Amino acid sequence: MPDRAVLLLNLGSPESTKVGDVRNYLREFLSDPRVIDINPVARFLILNLFILPFRPKRSAEAYSRIWTAKGSPLITSSQAQRTLVQDQISIPVALAMRYGRPSIPEAVGRLAGDGIESLFVIPLYPHYAMSSYETVVVRVEEVIEENGAAIATEILQPFYADTDYIEALATSVEPHLEEDDDRILFSFHGLPERHLHKTDPSHAHCLRSKDCCQRPNPAQATCYRHQCLKTVELLAARLAIPEDRYSISFQSRLGRRPWLKPYTDRELERFAHGGLEKIKVVCPAFVSDCLETLEEIAMRGNEIFTEAGGKTLNLIPCLNTHPKWIRFLVDKIRAWTDGSA
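Just so you know, these numbers come straight off a predicted model, no measurement behind them.

Q: Quick question: what am I supposed to make of the nonpolar core here?
A: Nonpolar side chains in soluble globular proteins generally cluster together in the buried interior. Core analysis: the largest hydrophobic core is formed by 113 residues, its most contacted members being Val6, Leu7, Ile122, Phe186, Phe188, Tyr224 and Trp325. Beyond its immediate sequence surroundings of up to four residues, leucine 7 is in contact with Ala94, Leu95, Ala96, Ala107, Val108, Leu119, Phe120, Val121, Ile122 and Val140.

Q: Help me out: how do you make sense of helix α10 (residues 264-273) in this one?
A: It helps to recall that an α-helix has 3.6 residues per turn; residues three or four apart then point in one direction. Of all the residues in α10, the buried ones are Thr264, Glu267, Leu268, Phe271 and Ala272. For α10, the arc enclosing every buried residue in end-on projection is 135 degrees, short of the 170-degree limit, so these residues lie on one face. On the buried face of α10, the contacting elements are β5 (183-189), β6 (246-251), β7 (278-282), α11 (291-307) and β8 (312-315). Glycine 275, located one to two residues past α10, shows a positive phi value of around 95 degrees.

Q: In this structure, what is going on with the sheet that holds β5? I would like to understand it.
A: Strand pairing in a sheet is mediated by backbone hydrogen bonds. Such pairs are either parallel or antiparallel. Ordered by their spatial adjacency, 4 strands build an open sheet running β6-β5-β7-β8, and the pairing between neighbours is parallel. Of all the strands in the sheet, just β6 and β8 have a single pairing partner and so form its edges. Strand-to-strand twist across the sheet, computed as the mean angle between neighbouring axes with direction ignored, equals 25 degrees.

Q: Got a minute to help me understand the sheet that holds strand β3 (residues 118-123) in this structure?
A: The 4 strands lie next to each other as β2-β1-β3-β4, forming an open sheet whose pairing is parallel. Each edge of the open sheet carries a strand with a single partner, namely β2 (93-99) and β4 (152-155). When strand polarity is set aside, the average angle formed by the axes of neighbouring strands in this sheet is 30 degrees. The sheet contact formed by β3 and β4 spans 4 bridges and is parallel. Bridge pairing in β4 places leucine 119 opposite threonine 153. On top of the sheet, helix α4 (residues 73-86) reaches β1 (4-12) and β2; it is set at about 155 degrees to β2, its chief contact.

Definitions and limits used
In every chain, residue numbers begin from 1 and rise along the written sequence. For this predicted model, a pLDDT threshold of at least 70 governs which residues receive local features, and a threshold of 80 or more governs which side-chain atom pairs are given and counted, while totals over whole chains, interfaces and linings are taken from all residues. Computation of side-chain values: all heavy atoms of the structure, hydrogens and water removed. Here, nonpolar core refers to any group of buried Ala, Val, Leu, Ile, Met, Phe, Trp, Tyr and Cys residues whose side-chain atoms link them within 4.5 Å. Categorising residues by exposure relies on relative accessible area from a 1.4 Å probe, with only protein chains included: less than 20% of the type maximum marks a residue as buried, more than 50% marks it as exposed, and the intermediate range marks it as partly exposed. The contact rule is simple, with two residues in contact once any of their heavy atoms fall within 4.5 Å. Counting from the N terminus, the helices are the DSSP runs of H or I reaching at least four residues and the strands are the DSSP runs of E reaching at least two. Read the arc as the range of directions from the helix axis to the C-beta atoms. Should DSSP find at least two bridges between two strands, the strands are regarded as paired. For every element, the axis is a line fit to its C-alpha atoms; helices are fit only across the contacting stretch, and the angle between N-to-C directions ranges from 0 to 180 degrees.

As structure tokens, this is what we get:
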């Protein structure tokens with residue numbers, strides 16, 4: 001029996017589109033102090049007085065618009081990725097979600113029970129953020145300790161600028177680009193600006209100047225905004241997209257405090273009011289299509305754009321099970337098993 005294994009990690013999804021299941025999922029998700037990073041008492045009050053009484057119904061309706069016969073697109077896509085990787089790898093490949101199921105405690109418990117001693121942890125997030133990459137890594141380590149398991153971990157670092165990731169992304173995007181596209185919009189999941197200040201080790205660089213992301217600094221190792229901009233820079237160069245034909249924005253904001261700008265919904269309105277008629281949207285922060293891409297962009301984003309005067313908005317699919325994406329994961333695992341990572 002092998003003593004090594006791989007753990008793929010993603011965000012998660014409700015068990016179903018029932019309001020109760022969505023409420024349970026949101027409670028777990030939004031109780032994470034790395035997601036809503038405020039005073040615990042304030043977080044409890046906001047969550048239980050202002051979010052959970054109202055948001056689950058709206059979110060359940062949104063999930064129902066994208067739910068398939070097999071369930072959550074994020075879960076089914078992640079499961080397919082795991083299967084395709086496992087087909088090419090001799091050691092066990094497990095899958096877990098930060099919130100919901102399959103859960104990290106379930107996955108780690110099975111691996112520990114199977115005698116796994118060394119674990120390659122792969123957060124399925126190209127970019128570093130405390131509310132995505134950091135929280136899954138921390139949770140895995142917590143669960144291993146809670147289990148008293150003697151499992152050594154190695155973590156795949158954010159791969160936002162990895163040549164093979166950029167190539168996989170470019171290969172998946174390129175067939176969807178057309179000469180008459182007015183604009184390519186790269187829409188990333190948003191973050192509160194305070195998250196960048198917190199993950200800046202110097203507390204003196206991120207968002208302190210307009211060009212902070214262009215000036216080399218150690219803070220960029222954990223700067224989500226810099227990493228997003230770098231992905232687009234490399235991807236646009238690989239696809240030969242001129243600077244005047246693409247834009248970058250941030251979606252999915254929550255609450256009233258400042259988030260990373262520009263906001264995707266407002267950019268879509270601005271494009272339409274400016275006379276742009278046909279745009280494509282790429283969401284490089286997500287490796288699997290999910291609520292934020294299928295409902296927020298392909299459905300609501302399209303409604304925002306067309307109601308403001310635009311004609312066509314098309315979402316370019318995430319990597320999902322693209323062969324080059326699967327090859328990227330397989331190659332990273334083989335490099336780890338060979339000791340060349």
